[in-house]
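Report on the structure
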Amino acid sequence: MFRRPIKEINAEFIAEEKYLDSIQKTVRESCVAASMSRKDIASVLLAIEEGATNVIRHAYLYEKGIIRLRVVIYPKLVVFSLIDYGRSFQPEGSGTLDLERLVESGRKGGLGFYMIQKIMDSVEYISTAGFNELRMIKHISEPSPVGRTFLRRLFTLRVKFSIWTFFIMLIIIGVSIYYFDYRTSEQMYKHKHETVRALAETIADQAAGYFINRRSDVEFDELIVSYRRANPELQLVVLTDGDGIIRAHSDDILNIRKPYVAPDQVSDSIIGVPQTFRSEHRVWSYLVTPIMTGERLLGNVHVTYSTAGIYLQLTESRKKIFFLTVILVLFGILGIYLLSNYFVSPILNITRRVRRFTSGDLEAELPLTGAEEFFEISRAFNQMMTRLSQDRRNIVEREKMAKEIEVASQIQQTLLPRQLPSLPHLEIEAFYRAASMIGGDLYNVFRIGDHRYCLAVADVSGKGVPASMMMSILRTVIQIQASEQVSAKKVLSKVNDYLVDNMPRGMFITVFLVIYNARSHKINFVSAGHNPMLFFRADKQEIMKFNPKGMPLGIPSTNNVSFDDSLEEIALTLRQDDLFFLFTDGVTEARDRDNNQYGLDRLTNFLQNYLLEKSKVEVSELSKAIVSELDDFTGFLKTADDVTFILARCDLSEKQPSQEANTGVEVKHMQDEHPADSPDRT
């Protein structure tokens, strides 16, 4: 199955919990030799500890023994085996662990095995006459690259916290600086353009008067020169008439009376909108403002100006902001370091404490320091560790008690059928939950002849061993007397004839017995002082209660009425989807925390509502719904009496088997989860 093993390790340890550390040490060394990752090693140690603990508490519950550890290392997997020579605690069935059966049957250690299967890639429990072996297989994951492992170790929680906080702080500062710098630059440039536009409009207004009054060129020149001197931001001012002839030039008077030529890269036809152009390695702004008188265009004012001053101001401001930002970042780094100590250190303490806990140290406590939240977490963790430590000291006694309850439950369940026969055209489901270690209820479904079957539910008076013994006797007598019988009344009559002379005084048994004919789809039934049968007639969509008259089994006859005379037998023909429900008084007499009884009416209403809501009824789902309904009503309190019932639904569809089968539905037997002296479950 595997390649040749690389290495095999064998060791033996005394089956006591104080040697768990030695087992873990051996396993850790084996995992390191197999080049397993730290994460896989930690999970394997947890699984091995759980497996070894179960062996100690179950296989060697009443005696001391030896645990043999065998580790076989292959190139891509490791096989761990825990071998013991004590009692087998694997559920009946195949070698593979059935987790659903473990959980549903309430077997101790079921959740531990569930955890082991989640951790390991394969888990098997092999039990032979001489020894038991818990075999676990773990595949070796591919190792991470050296660089990635180094980086993962380098970037601790504190480093990650600092880097991410610093990164977020830089983003906030950068976005803020960019936003305010952009807004400031935009406003400064806008203010500059508005100022120049206002000056150009003022010049245009005065120039319009000059054009109207036909002033001389000298006066035009004095006008623009005076404005240029008063406003240094103006680099060049040129006045042109309507024909584009220069009337005034702020730089060279010789250009007067010449055609005006706009600088390259701009257009003198764009009026009132600033334009930019580059000249002599500098960027200039250019604005054309019309000279108007009413609707008449007299000329234009051409203004060239520079924004270099704004750029210098912005550059100087940015330098100051940069140095201020550097100082703030340095303070931020210091603050981040302090914050990392304040917030991350308590988390690291908790992490180290958890690692010590996984190594088996339940005594050390976390220091109650840090913020209020960390203080509460540390206190809660210390309280949890204290409770776990107390539980660990008492766990052996609890496990002994649990094992006794488990053994008693197994003895009780041997008296009940492990599998129900598959009845043609009749789907059946049974449920049993004992109120204590040994119950007094009985149910059975078995074949009594050609195409006939017997279904029985019984309740023995009293509790404990006497009730259990009478239940065993009743089961055997019913199976013997029902053989080849047609009438349910005759069966109970013969059973009573035997029991009346063999039962202790003061005891009696109530029974509801049904004989089902698979060919005619008929049932005939009798009740010996038992609870009524609830019968759902599908075509009428209603539930009927059938409670035939009858005396309990084992009561001596009087002169007036004999047992046979007291029995009333009823026969019914089953139709498609008809359903009947047989139960003991543990169902109707279940009580909630206020001591209110569940009652027959509540049960009837529940079944009625459930069956009316469902277009297709599955007896398995209905059985679960009934159990859930009882648990919800009682609040999971310990039941005072055993809960037992049988559900049967008629299915005349063609998919039903035409031949009678000998095996069928596996039955769920449940032991009450609470020991007799345990507190109620909440």
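Everything below is about the structure shown above.
Notes on the structure in this doc start here. (Residues numbered from 1 in each chain as written. Predicted model: local features only at pLDDT ≥ 70, side-chain atom pairs only at ≥ 80, totals over all residues. Heavy atoms only, no water.)

What follows is about the packing of aromatic side chains. In total, this model carries 14 aromatic pairs according to the counting rule given. With a centroid separation of 5.3 Å and an interplanar angle of 50 degrees, the aromatic rings of F581 and F645 are classed as tilted. With F581 in strand β19 (residues 579–583) and F645 in strand β20 (residues 643–650), this pair connects stretches of sequence that are 64 residues apart. Here F581 and F645 have matching classes, each one buried. Members of the aromatic cluster, joined through ring pairs, are F431, F581, F583 and F645. (Phe/Tyr/Trp six-rings, centres within 6.5 Å; stacked < 30°, edge-to-face > 60°. Helix = DSSP H or I, 4+ residues; strand = E, 2+ residues; numbered from the N terminus. Buried < 20%, exposed > 50% of the residue type's maximum accessible area, 1.4 Å probe, protein only.)

At their nearest, the axes of helix α14 (residues 600–613) and helix α15 (residues 619–634) sit 11 Å apart, and the two run at 135 degrees to each other. Taken together, the axes of α14 and α15 are oblique relative to one another. Note on packing geometry: the crossing formed by α14 with α15 is right-handed. Packed against α14, whose contacting residues are R602, F606, L607, Y610 and L611, the element α15 presents E621, L622, A625, I626, E629 and F633 at the interface. Residues of the contact of α14 with α15, tallied by class, amount to 8 nonpolar, no polar and 3 charged. (Axes fitted to C-alpha atoms, helices over the stretch in contact; angles between N-to-C directions. Parallel < 35°, antiparallel > 145°, perpendicular 65-115°, else oblique. Left-handed = near helix turned anticlockwise from the far one by under 90°. Contact = heavy atoms within 4.5 Å. Nonpolar A, V, L, I, M, F, W, Y, C, P; charged D, E, K, R; others polar.)

Given a rise of 1.5 Å per residue, 14 residues ought to cover 20 Å, and the 20 Å separating the end C-alpha atoms of helix α7 (residues 217–230) matches this to within 8%. Buried within α7 are the following residues: F220, D221, L223, I224, V225 and Y227. (Expected span 1.5 Å × (residues − 1).)

This part is about the pairing of β19. Of all 5 residues in β19, 5 are buried, a share of seventy percent or more. Every second residue of β19 is oriented toward a common face, with L579, F581 and F583 on one face and F580 and L582 on the other, all of them buried. Here 3 bridges tie strand β16 (residues 533–537) to β19, and the two strands are oriented antiparallel to one another. Bridge pairing in β19 places L534 opposite F581. Where β19 lies against β20, 5 bridges are found, and the strand directions are antiparallel. Within β20, the position partnered with F583 by the bridge is F645. (Pairing = 2+ DSSP bridges.)

Moving on, we come to the packing of helix α1 (residues 20–33) against helix α2 (residues 38–59). Contact pair α1 / α2: the axes reach a minimum separation of 10 Å and the direction vectors enclose 145 degrees. With respect to the hand of their crossing, α1 and α2 are arranged in right-handed fashion. In this structure, α1 uses L20, I23, Q24, V27, R28, C31 and V32 to contact α2, whose residues at the interface are I41, V44, L45, I48, E49, A52, T53 and I56. Here the residues of the contact of α1 with α2 sort into 11 nonpolar, 2 polar and 2 charged.

Attention now goes to α2. Between the first and last C-alpha of α2 there are 31 Å, a value that for 22 residues agrees with the 32 Å anticipated at 1.5 Å per step. With 17 of its 22 residues buried, α2 lies for the most part within the structure.

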